[in-house]
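Report on the structure
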Protein chains: 4
Amino acid sequence: MPAELKELNEECGLFGVWGNPHSAAITHLGLHTLQHRGQEGAGIVGLTPNGLRRHYGLGLLSEVFTKPEDLTALSGRAALGHVRYATAGGRLLENIQPLLFRFSTEAMALAHNGNLTNALSLRKALEDTGAIFHTTSDTEVLMHLLRRSPASTFTGQLTDALNQVHGGFAFLLLTEKGLFAAVDPNGFRPLVLGTLPDGGTVVCSETAALDAVGADFVRDIQPGELVSITDVGVTTQPYTLQTTLSVCSMEFIYFARPDSEIHGVNVHQARVAMGERLAQEQPADADIVVGVPNSSLSAALGYARASGIPYDLGLVKSQYVARTFIQPTQALREAAVKRKLSAVRAVVEGKSVALIDDSIVRGTTSMQLVRLLKNAGAKAVHLRIASPPLRFPCFYGIDIQSTHELMAANHTVREMRDLLGADSLGFLSTKALEESVNLDPTAPHRGLCVAYFTGEYPTPLYDYADALHKELAQLHITVSEVSA
Amino acid sequence: MPAELKELNEECGLFGVWGNPHSAAITHLGLHTLQHRGQEGAGIVGLTPNGLRRHYGLGLLSEVFTKPEDLTALSGRAALGHVRYATAGGRLLENIQPLLFRFSTEAMALAHNGNLTNALSLRKALEDTGAIFHTTSDTEVLMHLLRRSPASTFTGQLTDALNQVHGGFAFLLLTEKGLFAAVDPNGFRPLVLGTLPDGGTVVCSETAALDAVGADFVRDIQPGELVSITDVGVTTQPYTLQTTLSVCSMEFIYFARPDSEIHGVNVHQARVAMGERLAQEQPADADIVVGVPNSSLSAALGYARASGIPYDLGLVKSQYVARTFIQPTQALREAAVKRKLSAVRAVVEGKSVALIDDSIVRGTTSMQLVRLLKNAGAKAVHLRIASPPLRFPCFYGIDIQSTHELMAANHTVREMRDLLGADSLGFLSTKALEESVNLDPTAPHRGLCVAYFTGEYPTPLYDYADALHKELAQLHITVSEVSA
Amino acid sequence: MPAELKELNEECGLFGVWGNPHSAAITHLGLHTLQHRGQEGAGIVGLTPNGLRRHYGLGLLSEVFTKPEDLTALSGRAALGHVRYATAGGRLLENIQPLLFRFSTEAMALAHNGNLTNALSLRKALEDTGAIFHTTSDTEVLMHLLRRSPASTFTGQLTDALNQVHGGFAFLLLTEKGLFAAVDPNGFRPLVLGTLPDGGTVVCSETAALDAVGADFVRDIQPGELVSITDVGVTTQPYTLQTTLSVCSMEFIYFARPDSEIHGVNVHQARVAMGERLAQEQPADADIVVGVPNSSLSAALGYARASGIPYDLGLVKSQYVARTFIQPTQALREAAVKRKLSAVRAVVEGKSVALIDDSIVRGTTSMQLVRLLKNAGAKAVHLRIASPPLRFPCFYGIDIQSTHELMAANHTVREMRDLLGADSLGFLSTKALEESVNLDPTAPHRGLCVAYFTGEYPTPLYDYADALHKELAQLHITVSEVSA
Amino acid sequence: MPAELKELNEECGLFGVWGNPHSAAITHLGLHTLQHRGQEGAGIVGLTPNGLRRHYGLGLLSEVFTKPEDLTALSGRAALGHVRYATAGGRLLENIQPLLFRFSTEAMALAHNGNLTNALSLRKALEDTGAIFHTTSDTEVLMHLLRRSPASTFTGQLTDALNQVHGGFAFLLLTEKGLFAAVDPNGFRPLVLGTLPDGGTVVCSETAALDAVGADFVRDIQPGELVSITDVGVTTQPYTLQTTLSVCSMEFIYFARPDSEIHGVNVHQARVAMGERLAQEQPADADIVVGVPNSSLSAALGYARASGIPYDLGLVKSQYVARTFIQPTQALREAAVKRKLSAVRAVVEGKSVALIDDSIVRGTTSMQLVRLLKNAGAKAVHLRIASPPLRFPCFYGIDIQSTHELMAANHTVREMRDLLGADSLGFLSTKALEESVNLDPTAPHRGLCVAYFTGEYPTPLYDYADALHKELAQLHITVSEVSA
């Protein structure tokens, strides 16, 4: 797969407000609750009396918005905010969203969460007819399609554009006329609607962000839906009728906040259920259950409940950001790595530990955790993973590395156990994952996308198909279901 | 009490290394683990081939040390680091430690954790004979006493000085000859000794910082002990024989890391024990037990275990630092305040919740937590505090506000329950606290200082005595035990 | 005239290198010498082994390039740099040049000095066919025209584009293949070619920048010329044959450095000549001649030489940038304003002073200078301006305010004298200006553009024509020569 | 001479206000005019309603005071400011002045311009009796002496202290009671008194700073004088009667602003006179006279006037601060060095140039200037220096390098001419210098200190005497007048 393709993969957080005089302050507040969805950069566009104004930068929200004026300059009756995920390369300021387009007669701000599978071919076709792109992200494609649409109305142009892009996306678009929200036909990426008690409508990535600003949850935006929020009110229309619910399962496994609900399912409780099913499918002869803080504490609780083994706090996570410099010795390098997590010797010493983690990507973290517990005196470490083995990359917006780097794509469970130094290793089955979340019993995979585990991508992969097939062929994996 | 006295109250973290070529890097690493002990400022002094060199500043370690050169400039065979607690006023750069004293013929660095009860009168007496102070902290007093001592040896001068200061302290002093460590005669503030596998000795505030740098724990430094670490080795001598162990109980209640051990007692397990005793003393008719993250999770676990009520994650804490600006509306102000913690509606809705917190100072946070849970649908909130009511200020290094601001000094438990909006409220007894920690069964209060709860200060209060008596008289509290 | 039009007016400095391994360092050095041409922002694009890389920002070069890595990241065999003038509004980071365009298959950097008179209509036409602009500057128009050209070669496309834009411009365009330079058909803006002793070609705005990097001057780039610098060598071709030399006279009057030469005329000597002619046309009964530092010292020297009146240093200019805050009193506000210049009382006290300035725009500075000298004891101040009255705006790249703000467009010389508080006031004639510079005796106005003084714009004004006519009508000025 | 001694040498600027509600803003404004006296750091202490408050930092004023709050936090009825010179090593934040001393019952701010010759021995003696110093500058000595004085009044203590320090100094001391100013018994360093039209008294280093804030000049503070400015008024008293005027001649030669007057002599006019005498003593067969901008323009004007040779602007100085990185090639390194100054080829080509400079220290700059002019085509360069050869170090506050680095201490004039590449070289005589300034015809050397040229130090040198004698012995210089 070409290097520049990987750069496009990203996960992000969106937050938009229409019709409240404190839109910029509300958006700033709401984005803080979505900070876990992106730490590379942040930006807010405010609809001020002087038109759309933007403040943005690289880094955390607290690094980008450093003084009250940064926010008051955006004050007005609507705002659109974005936090962006840290990808390996390409920390370009130009890519920080919302993108702001200044036309001669109007301006528009665009924010995107997800990844388009045909962005590269669309971009090439557009450039061949003179289009100039200013970012390396795929978000900009939508604006070019919109501006070139022959449709006579704005929502007509937007519908046109939405039908040409494929993959996983939640889009928010702000103009002087309204705030427009759209979700891909599979609903890969979540997007919810809320109302503010003192007036105004909110659209954002997670319900936790509604709670954070005191907004009331109204509903999830549905696959293939285009919502227009203007001074007239909130109207909706499907931009396509060919939809199937397949929410990204990684949102439930580790990405979303435990206090969020996606299509009616609370994330914490889904994780507790995964832990319970994991205890049934992969029991362990352990004295205590320890979860990896903070993402795996829910699953660990479920595991403890279902197994009857006591839950304890055997690992402590530092609350402070550490700035790591190059360490002079190997011992210090290892020390620096584990600085974020440390073991409580008094808890684990002499114990057989069931260690619950949400997933294994490259395996490096898991290896350190096993060693950490053993160094602290654990008699045995039984590693239990509350999701199935990750064997396939994601093209819908989660930055999961190429198969070459996925431990489970290259090793059997037994090999992984030995490499990680665990006394035993067990994963949750895909079926149990689907039943634990249970989004929609009538939909394929009960409404989840489980492609990372099974290779069954719910849509064609367009620009990514050839590269993926080559990669899988090298790994001798045959996945008949992979589309082209 | 005069305003300038309050400024002196502080809690801090210390980390020193002698005899390792990577002392500065190790100190930087170790201080990260002590960051919870102080976020106002940080500094490191390194013993370089060109003598003592210092880098320091206001803010978190990651804000003060921003590039590798900040650290490499301090490289040498010894180092001394300090993190300082954020007090209300007086964020003066001059106060950031270690203090570095450059004399014509030598240099010394001094770092301090604690609070001296006779600093003010010592300072006045010293100024009357021409001494010039350059900070507003009480740390500097020790150096003036040391320099004016007629003793013929350095440790003799230090012993002289240590016998003149009173209160709670752990001191680390670095010269070109050695690293010197001393603890007050009551051992209010912890200080531990360790060794590095590749050579060198470490002294620091908590054992967790030893673990973080791969050092082996040797022992706690004892009350009244002066340890000299030089190229000859580690020697010890008592600078006074009149000692009584009374470790600050707030270290166990909320201050120290759960993975640290103080005089042989693991902090997490002490907290679990407090929770268990709390369940016995203050049972609750609840469906679930919820702890306030992260400091009260251990006690909540203990409460759940002893009561048999299921433990659940009903509150979520944000991992990101939020920069708070002034919010335009009351609703947003409240939203901003609770941004750090949010309730998991799916967990608490319709439930009777036993909410476990470590302590109540002013009561503002507790009030918000009760409201947060009720807004999320909790049927009832039974607030259980894993420590006794805080009714008296601390003069040994914990920045507990004056009695005027301590909720429990001004209200009965029943009044507090009503003000906080809780359905019931219960505190741990002092006796149960002492037994839960059980530092030394033969010492008064089993080796703990419980003055904040009972007013029984284990030492005279010197400069603070008069003001405290006046304050207590206003509150109609008579504490015969309060010394003068 | 619409507000957004004014924003486009700007003066800038360009510097490009092709074929030297230290291109980025040379460009950085060269831009310092052009810093007077733009202080709003600066940027450099380097052709590195990994393609075009950019570093840019708001502020002075020393504020934008703050560490060696900023520059080494741009290292390679070619570079393009730009400094941008501070205009009233619109300090947008997006507008800082060189603009960097990343296409799927290649990348290009574009830098521009000047102002296009038909940018607005071109932009509207382009947007109507789907073009998306990312800056509010007119520079971007050229790239859109180039990308949409049907020509088969790159220089063919560039020629196409250059023939569609009108006004004043010097363009530098860097690709992986070469560095391309073009000047408008009137040569309003200077651009010169040089060679480096250790290899490589330089193109930049002023000869002083060639001197600064040790490059040898080759020649001025001619009106209507397109120069292509590639690994094959330097080739040239006219993109149009309809050319007339009319160099912006403000370059000679105050803008360019005294050590630069434009089309063979040294700027300092041209200014000395203006001063000499001014002495003949506008003699003064003065004891000493004082020039306004630093731009008017050359003209003052000429005035002194021709008049025989002694030249003296009656005004001192501060070398340091002052950061001005709002001053609490009127007296301090005035003091703050004059901080940059102060009078030498010992020189001017009791003297009749001939004060030589290069030009009068709004008149505020002149008024302060007259008052400054009188407060320092000058008996009389005879203000002599080494250029004709500025009565018309510039549309070719000098940010001269609209006629409403030009003092000479709204007042007679006698009125101006009274408003400024001078004892007498005299301007240089347009004819004398033209003869002092004497660029090309055979060209109209001897090769200068004198539109600011006479209203005789050497080209049609396109998008600006209507607004200018309306403005002039309000001022009851009829300028038959103004084109449309 | 020990390295740490050199660090103490410094030149600085002082500005204090008493009795004006805008004291901090006035001080900030006034310091800008003194910025040439120190660029290493800056600080202001304001007497606010909450006592003395300080803002200070490393760098230029514009880097230290970056936002209005920096200044408004210092608002009150008095203020004291300082700019500090950049010395080779030791850019310690602790050394930035005014020093602020916080005592238990009061606070004081102290600022100093000059250098004490017995600071080291005083410091050692003070430390031996327990004093703790917090800076490496000699300023702090005064405060220790003051605090240890047995005198019963504050001015009595100050008088005591002033009589114990020796060397060159102007001190400003701010307390809640008043502003106190003192000058050394020789008046080496200038200090002037002024009044503000809207109330209040100003004391500062140069009269130009009075002009800049609109204050009226009252008088120079005399050698051995102690001025007390309080709400009662301005009172004066001699702290010693043993005084001789010997103002540092470097103030007139290059240090002070041309628009300042010192003891009644305007600096610009003194420089013109030096240039005139230079023309008489050291005529040159030249076509034009060129001064090194900006410090030597006055002398060049004098040279031109007296010689009749035309004055021209053959050198241009950049107005912008350049940030210099390490240059990759020797050619670029040279280019970077000369970036501040460039030659005007059109002026100097084919000409014999009389180049006027104020002084030669190491000779590096002069060498570059000669080369610069020759590279620009100058036929000959006759270097004329408007001061005598610098052969002896200064111990009164000018950071003139040790004799080892003074070109004239190690070479004859003929050797210097050859090393510099000049066609001829001539210096002003000491006698002509004294007569050009002519401060006080009855005083030794007409009121100037000319020790740098003759070795006749007007005071004993205390701590510096031995080292200087050793140095001079190595150079085989016998100066009988050098005191001990």
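Rules used throughout
Residues numbered from 1 in each chain as written. Chains lettered and ligands numbered in written order. Predicted model: local features only at pLDDT ≥ 70, side-chain atom pairs only at ≥ 80, totals over all residues. Heavy atoms only, no water. Helix = DSSP H or I, 4+ residues; strand = E, 2+ residues; numbered from the N terminus. Rg over C-alpha atoms; globule rule 2.2 N^0.38 Å. Contact = heavy atoms within 4.5 Å. Areas by Shrake-Rupley, 256 points an atom, 1.4 Å probe, with all protein chains shown as cover. Lys, Arg positive; Asp, Glu negative; His and termini not counted. Charge placed at Lys NZ, Arg CZ, Asp CG, Glu CD. Buried area = accessible area lost by both parts, 1.4 Å probe. Salt bridge = Lys/Arg side-chain N within 4 Å of Asp/Glu carboxyl O. Polar contact = N/O pair within 3.5 Å; in protein donor to acceptor, adjacent residues only side chain to side chain. Nonpolar A, V, L, I, M, F, W, Y, C, P; charged D, E, K, R; others polar. Phe/Tyr/Trp six-rings, centres within 6.5 Å; stacked < 30°, edge-to-face > 60°. Buried < 20%, exposed > 50% of the residue type's maximum accessible area, 1.4 Å probe, protein only. Lys NZ or Arg CZ within 6 Å of the ring centre and 35° of its normal. pLDDT = per-residue confidence, 0-100. Least-squares fit on C-alpha atoms with pLDDT ≥ 70 in both. Pairing = 2+ DSSP bridges. Axes fitted to C-alpha atoms, helices over the stretch in contact; angles between N-to-C directions. Parallel < 35°, antiparallel > 145°, perpendicular 65-115°, else oblique. Left-handed = near helix turned anticlockwise from the far one by under 90°. Disulfide = S-S within 2.5 Å. Domains from an automatic or database assignment.

**Examining the overall build of chain A**
The number of helices and strands found in chain A is 19 helices and 23 strands. The C-alpha radius of gyration of chain A comes to 23 Å, within 12% of the 23 Å expected for a compact globule of 484 residues. With respect to the three principal axes, the spread of C-alpha positions in chain A is 70 × 50 × 50 Å. Put simply, 68% of the contacts in chain A that link residues at least 6 apart link residues at least 24 apart. Entry remark: accessible area of chain A is about 16,100 Å², with carbon and sulfur atoms responsible for 51%. For chain A, the separation between the mean place of its 39 positive charges and that of its 49 negative charges on side chains is 6 Å.

**Let's talk about the interface of chain D and chain B**
Taken residue by residue, the interface counts 23 residues in chain D and 23 residues in chain B. Considering only the surface of chain D that becomes buried against chain B, Arg102, Ile132 and His134 of chain D emerge as the three largest contributors, covering 31% of it. Where chain D packs against chain B, one counts four salt bridges. One salt bridge connects Arg54 of chain D with Glu94 of chain B, and the closest N-O pair in it is separated by 2.8 Å. Across the contact surface, chain D and chain B share eight residue pairs in polar contact (both at pLDDT 80 or more). Put simply, the parts of the chain that give the side of chain D that touches chain B at least two residues each are strand S3 (51-58), strand S5 (99-102), helix H5 (119-128) and helix H6 (139-148) of chain D. Its residues assigned to classes, the side of chain D that touches chain B shows nine nonpolar, five polar and nine charged.

**Structural notes on the packing of aromatic side chains**
Scanning all chains against the criterion turns up 40 aromatic pairs over all chains. Taken together, a centroid distance of 5.6 Å and an interplanar angle of 90 degrees make the contact between Tyr452 of chain A and Phe453 of chain A edge-to-face. By the burial criterion, Tyr452 of chain A is buried, and Phe453 of chain A matches it. Site record: aromatic cluster; members linked through ring pairs are Phe188, Phe395, Tyr396, Tyr457 and Tyr464 of chain A. Over the face of the ring belonging to Phe103 of chain B we find Arg147 of chain B, whose NZ or CZ atom lies 3.5 Å from the ring centre.

**What to know about the confidence of the model for chain A**
All names here are of chain A. Averaged over every residue, the pLDDT of chain A is 91; the share at 70 or more is 94%. Every residue in residues 1-9 is under pLDDT 50, and counting partners more than four places away or in other chains gives 26 contacts. Predicted confidence is poor over residues 480-484, with pLDDT under 50, and the contacts of this stretch with residues over four places away or in other chains come to 15 contacts. This complex was scored by the predictor with a pTM of 0.88 and an ipTM of 0.91.

**Remarks on the interface of chain B and chain A**
Residue-level contacts link 55 residues of chain B with 55 residues of chain A. When the two sides are added together, the surface that chain B and chain A hide from each other amounts to roughly 4,800 Å², 61% of it contributed by carbon and sulfur. Where chain B packs against chain A, one counts two salt bridges. Two residues, Asp312 of chain A and Arg305 of chain B, come together in a salt bridge whose shortest N-O distance is 3.0 Å. Here chain B is connected to chain A by 16 residue pairs in polar contact (both at pLDDT 80 or more).

**Let's talk about the relation of the copies chain B and chain A**
Mapping chain B onto chain A calls for a rotation angle of 180 degrees and an axial translation of 0.0 Å; the resulting RMSD is 0.1 Å. The operation mapping one copy onto its partner corresponds to a two-fold rotation axis. Nearest to the rotation axis, the C-alpha of Gln319 of chain B is located 3.3 Å from it, this being the minimum over chain B. With an isologous cut-off of 70% or more, the 100% of interface residues of chain B that recur at the interface of chain A puts this contact in the isologous class.

**Comments concerning the environment of Glu276 of chain C**
All names here are of chain C. With respect to the secondary-structure elements, Glu276 resides in helix H10 (residues 267-281). Between the alpha carbons of Glu276 and Val192 there is a distance of 28 Å; along the sequence they are 84 residues apart. If we skip the residues at most four places from it in the chain, Glu276 touches Gly302, Tyr303, Arg305 and Ala306.

**Describing the sheet that holds strand S9 (residues 192-195) of chain D**
Residue and element names in this part refer to chain D. Taken together, seven strands build an open sheet; the order of strands is S3-S2-S4-S1-S10-S9-S11 and the sheet is antiparallel. What marks the edges here is a single partner per strand, and that holds for S3 and strand S11 (216-220). Looking at each pair of strands side by side, their axes are set apart by 15 degrees on average, direction ignored. Here eight bridges tie strand S2 (residues 41-48) to S3, and the two strands are oriented antiparallel to one another. If you follow Leu47 over to S3, its bridge partner there is Leu52.

**Notes on the packing of helix H5 (residues 119-128) of chain B against helix H6 (residues 139-148) of chain B**
All names here are of chain B. Running from N to C, H5 and H6 point in directions that differ by 45 degrees, and their axes come no closer than 10 Å. Relative to H6, the element H5 lies oblique. Crossing handedness for the pair H5 and H6: left-handed. Contacts between H5 and H6 involve Ala119, Leu122, Arg123 and Leu126 on the former and, on the latter, Val141, His144, Leu145 and Arg148.

**Section: the sheet that holds strand S4 (residues 78-84) of chain A**
Strands pair in a sheet through their backbones, by hydrogen bonds, and they do so in one of two ways: parallel or antiparallel. Residues and elements named next belong to chain A. Pairing is antiparallel across the open sheet formed by seven strands, whose spatial order is S3-S2-S4-S1-S10-S9-S11. Strands with a single pairing partner mark the edges of an open sheet, and in this sheet they are strand S3 (51-58) and strand S11 (216-220). The sheet shows a mean angle of 15 degrees between the axes of neighbouring strands, direction not considered. Sheet topology places strand S1 (residues 12-18) next to strand S10 (residues 201-204); four bridges connect them, and they run antiparallel. Paired with Phe15 across the two strands is Cys204, which belongs to S10. In this fold helix H2 (residues 23-33) packs onto S1, strand S2 (41-48) and S4, with an angle of close to 20 degrees to the strand it touches most, S4.

**Quick word on the state of the cysteines**
Considering all chains together, one arrives at zero disulfides over all chains under this definition. Cysteine Cys204 of chain A remains unbridged, with the sulfur of Cys12 of chain A as its closest cysteine sulfur at 15 Å. Not part of a disulfide, Cys12 of chain D finds its nearest cysteine sulfur in Cys394 of chain D, a span of 12 Å. A relative accessible area of 0% means that Cys12 of chain D is categorised as buried.

**Digging into the relation of the copies chain D and chain B**
The transformation that overlays chain D on chain B combines an axial shift of 0.0 Å with a rotation of 180 degrees, and the residual RMSD is 0.1 Å. Most of the interface of chain D is mirrored in chain B, where 100% of its interface residues are also at the interface.

**Brief notes about the domain arrangement of chain A**
Residue and element names in this part refer to chain A. Domain parsing of chain A yields domain 1 (13-243) and domain 2 (266-449 + 460-475). Using C-alpha coordinates to define each centre, domain 1 is positioned 32 Å away from domain 2. The interface is formed by 15 residues belonging to domain 1 together with eleven residues belonging to domain 2. In this assembly, domain 1 packs against domain 2 so that about 1,000 Å² is buried in total across both faces, 56% of it on carbon and sulfur atoms. Among the elements of the structure, strand S6 (107-116), helix H5 (119-128) and strand S7 (167-174) are those that each provide at least two residues to the side of domain 1 that touches domain 2. Residues of the side of domain 1 that touches domain 2, tallied by class, amount to five nonpolar, nine polar and one charged.

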